[in-house]
Amino acid sequence: MILLDGKSLSDTIQQNIIKECATLDIKPGLAVVLVGDDAPSRAYVNMKERACQNVGFFSCKHELPQTCTQEELLALIATLNADPKIHGILVQLPLPKHIDTSVILESIAPHKDVDGFHPYNVGRLNTNLDGFVPATPLGVMSLLESYQISVRGKDVVIVGASNIVGRPLATLMLNAGASVSICHILTKDVAQYTSRADIVCVGVGKVNLITESMIRQDAVVIDIGINRLDSGALVGDVDFANVAKKASAITPVPGGVGPMTIASLLQNTLKAAKQIHCDTSKGAGI
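All chains use their own residue numbering, which begins from 1 and follows the written sequence. Where totals are concerned, whole chains, interfaces and linings use all residues; where local detail is concerned, this predicted model gives features only for residues with pLDDT of at least 70, and gives and counts side-chain atom pairs only at 80 or more. To obtain the side-chain values, all non-hydrogen atoms of the structure were used and water was disregarded.

1. Quick look at the overall build of the chain
Here is step 1 of the chain: Every helix listed is a DSSP run of H or I at least four residues long, and every strand listed is a run of E at least two residues long, numbered separately from the N terminus. Scanning the chain for helices and strands turns up ten helices and eleven strands.
Here is step 2 of the chain: A principal-axis box enclosing the C-alpha atoms of the chain has dimensions of 60 × 40 × 35 Å.
Here is step 3 of the chain: Here a residue-residue contact requires only that any non-hydrogen atoms of the pair lie within 4.5 Å. Looking at the chain alone, contacts between residues at least 24 apart form 70% of all its contacts between residues at least 6 apart.
Here is step 4 of the chain: Element-wise, carbon and sulfur atoms account for 54% of the exposed surface of the chain, whose accessible area totals about 13,800 Å².
Here is step 5 of the chain: In the chain, which carries 24 positive and 27 negative side-chain charges, the distance between the mean positions of the two groups comes to 3 Å. To be clear on the numbers: accessible area is Shrake-Rupley with a 1.4 Å probe, and residue cover counts the displayed protein chains and nothing else. Only four residue types enter the charge count, namely Lys and Arg as positive and Asp and Glu as negative; His and the chain termini do not. Throughout, a charge is located at the NZ atom of Lys, the CZ atom of Arg, the CG atom of Asp or the CD atom of Glu.

What follows is the structure in structure tokens.
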């Protein structure tokens, strides 16, 4: 059984980003917007801010109260869209219920949408064109590639159909030549799908959702879920101890997909900075 070590790969990617940034005459900038005081969201935002600092990016965090209006949030995004120091904008989800998430995500300039949630980038992903891909699915694909696990011609099951993980991951898998099935809350028998899959990816947020009996021998298991137990320990959606005995490769939680999400966000921010700088340079020469 191979343990898919996302932490080590993430560290390598970040070191490569540091080296590449040293050759550039720009400093990539990421703005993170946090609305409210949700503890997990704050933890994620702080983690992303530290990662930016570690690779030498410019980063700024904008915190708005839970009671802020949609118009106030849109005004902030408009300011960040126009700020030349900012190449990537990330609005931490979920947002308060009185704010329309779709309106907010569509207000982010597509060329600064390093989360890959703008309909423009979603459309480019679905038509297999270059754009910004959501960080977690991109991290999963990078992790598989680094361990030379090809998805081409494989049967892949994705448990979870969110716009943030499940759907874009399914599209990436399809674009890479996999046959993809998506299971969700209305799926009658998840095990019927997972037990026949070469690769199982799960990101639902339910402890021990995937058990040993649901996995075929030598399957690859990608655990994207993250749950905090009463003890304070972090676990995924997979019964790791038992499934690992049967899988040919599996991600740990923590230390698997999580660090790859951070690395992919940094890659997207660097990509955005280079593209914006290139377009600005071309414009200056006209």
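And the narrative resumes.
2. A short note on the packing of helix α1 (residues 6-21) against helix α2 (residues 39-55)
Here is step 1 of the chain: In the contact formed by α1 and α2, the axes pass within 9 Å of each other and the chain directions differ by 50°. Put simply, α1 runs oblique to α2. Residues Gln14, Ile17 and Ile18 of α1 form the contact with α2, whose participating residues are Ala51, Asn54 and Val55.
Here is step 2 of the chain: For this scheme, ten residues count as nonpolar: Ala, Val, Leu, Ile, Met, Phe, Trp, Tyr, Cys and Pro. Four count as charged, namely Asp, Glu, Lys and Arg, and the remainder, Gly too, count as polar. The residue inventory of the contact of α1 with α2, partitioned by class, reads four nonpolar, two polar and no charged. Throughout, an axis means a line fitted to C-alpha atoms (over the contacting stretch in the case of helices), and angles, computed between N-to-C directions, take values from 0 to 180 degrees. What sets the label is the angle itself: under 35 degrees gives roughly parallel, over 145 gives roughly antiparallel, 65 to 115 gives roughly perpendicular, and the rest give oblique.

3. Comments concerning helix α7 (residues 166-175)
Here is step 1 of the chain: Accessibility here uses a 1.4 Å probe with only protein chains present; expressed as a share of the type maximum, an area under 20% marks a residue as buried, one over 50% as exposed, and anything in between as partly exposed. Counting buried residues in α7 gives seven out of ten residues, a clear majority hidden from the surface.
Here is step 2 of the chain: Next to the buried residues of α7 lie α5 (119-126), α6 (135-146), β5 (155-159), β6 (179-183) and β7 (199-202).
Here is step 3 of the chain: Once α7 ends, the next one or two residues include Gly177, with phi positive near 100°.

4. Side note on unusual backbone geometry
One can expect most non-glycine residues to show negative phi and most peptide bonds to be in trans.
Here is step 1 of the chain: In the segment running from Leu93 into Pro94, the intervening peptide bond is cis, with an omega of 5°.
Here is step 2 of the chain: Tracing the chain through its elements places Pro94 in the loop between β4 (88-91) and α4 (101-107).
Here is step 3 of the chain: You will see that Asn128, though not glycine, has its phi angle at about 60°, which is positive.
Here is step 4 of the chain: Its place among the elements puts Asn128 in the loop between α5 and α6.
Here is step 5 of the chain: Unlike most non-glycine residues, Gln148 shows phi in positive territory, near 55°.
Here is step 6 of the chain: Along the chain, Gln148 turns up in the loop between α6 and β5.
Here is step 7 of the chain: For Gln148, a relative accessible area of 76% puts it in the exposed group.

5. Details of the UniProt feature "domain: Tetrahydrofolate dehydrogenase/cyclohydrolase NAD(P)-binding" (unreviewed entry) in the chain
Here is step 1 of the chain: Per the UniProt annotation, the sites labelled "domain: Tetrahydrofolate dehydrogenase/cyclohydrolase NAD(P)-binding" (unreviewed entry) are residues 134-275.
Here is step 2 of the chain: For residues 134-275, the helix share is 35%, the strand share is 17%, and the end-to-end C-alpha distance is 18 Å. UniProt positions are given in the numbering used here, feature names are shortened, and annotations may be inferred rather than shown by experiment.

6. Topic: the pattern of salt bridges
Here is step 1 of the chain: Throughout this description, the term salt bridge denotes a Lys or Arg side-chain nitrogen within 4 Å of a carboxyl oxygen of Asp or Glu. Applying the stated criterion to the full structure yields nine salt bridges.
Here is step 2 of the chain: Of the charged contacts, one joins Asp11 and Lys7 as a salt bridge, the two residues approaching to 2.9 Å between their closest N and O atoms. Taken together, the residues Asp11 and Lys7, both in helix α1 and four residues apart, mark about one turn of the helix.
Here is step 3 of the chain: A salt bridge links Glu63 to Lys61, with the nearest nitrogen and oxygen atoms 3.7 Å apart.

7. Here's the deal with the sheet that holds strand β3 (residues 58-64)
Here is step 1 of the chain: The strand order across the open sheet formed by three strands is β3-β2-β4, and the pairing between neighbours is parallel. Strand pairing shows two members of the sheet lacking a second neighbour, β3 and β4, which therefore form its edges. In this sheet, adjacent strand axes meet at a mean angle of 15° when their direction is disregarded.
Here is step 2 of the chain: The criterion for strand pairing is that DSSP finds at least two bridges linking the strands in question. The pairing of strand β2 (residues 29-35) with β3 spans seven bridges and is parallel. Paired with Val35 across the bridge in β3 is Leu64.
Here is step 3 of the chain: Contacting β2, β3 and β4, α2 crosses the sheet at an angle of about 160° to β3.

8. Concerning the domain arrangement of the chain
Here is step 1 of the chain: Domain start and stop positions are those given by an automatic or database domain assignment. We note that the domain assignment places domain 1 (27-109) and domain 2 (135-257) within the chain.
Here is step 2 of the chain: With centres defined by C-alpha atoms, the gap from domain 1 to domain 2 works out at 28 Å.

9. Concerning the layout of surface pockets
Any empty space left between atoms is shown by rolling a water-sized probe over those atoms.
Here is step 1 of the chain: Whether a set of points on the 1 Å grid over the protein atoms alone is a cavity depends on a 1.4 Å probe fitting there but being unable to get out, while an open set qualifies as a pocket with protein on both sides within 12 Å along at least five of seven lines; lining residues are those with an atom within 4 Å of a point. Grid points are joined across faces, edges and corners, and a volume is the space filled by probe spheres set on the points. Size it by volume and the largest pocket reaches roughly 1,200 Å³.
Here is step 2 of the chain: As for the largest pocket, its lining consists of 41 residues, of which Tyr44, Thr136, Ile224, Ile226 and Thr261 are closest to the centre.
Here is step 3 of the chain: Secondary-structure elements contributing two or more residues to the lining of the largest pocket are α2, β4, α6, β9 (227-228) and α10 (257-284).
Here is step 4 of the chain: A breakdown of the residues in the lining of the largest pocket according to their chemical character gives 25 nonpolar, twelve polar and four charged.
Here is step 5 of the chain: Residue-level mapping places the lining of the largest pocket at the junction of two domains, with at least three residues from each of domain 1 (27-109) and domain 2 (135-257).
Here is step 6 of the chain: Lining the second largest pocket we find 18 residues, and of these Leu105, Phe117, Val122, Asn163 and Ile164 sit closest to its centre.
Here is step 7 of the chain: Every element with two or more residues in the lining of the second largest pocket is listed here: α4, α5 and α7.
Here is step 8 of the chain: Class assignment for the residues of the lining of the second largest pocket results in nine nonpolar, seven polar and two charged.
Here is step 9 of the chain: Counting contributing residues per domain, the lining of the second largest pocket is built from domain 1 (27-109) and domain 2 (135-257), each supplying no fewer than three.

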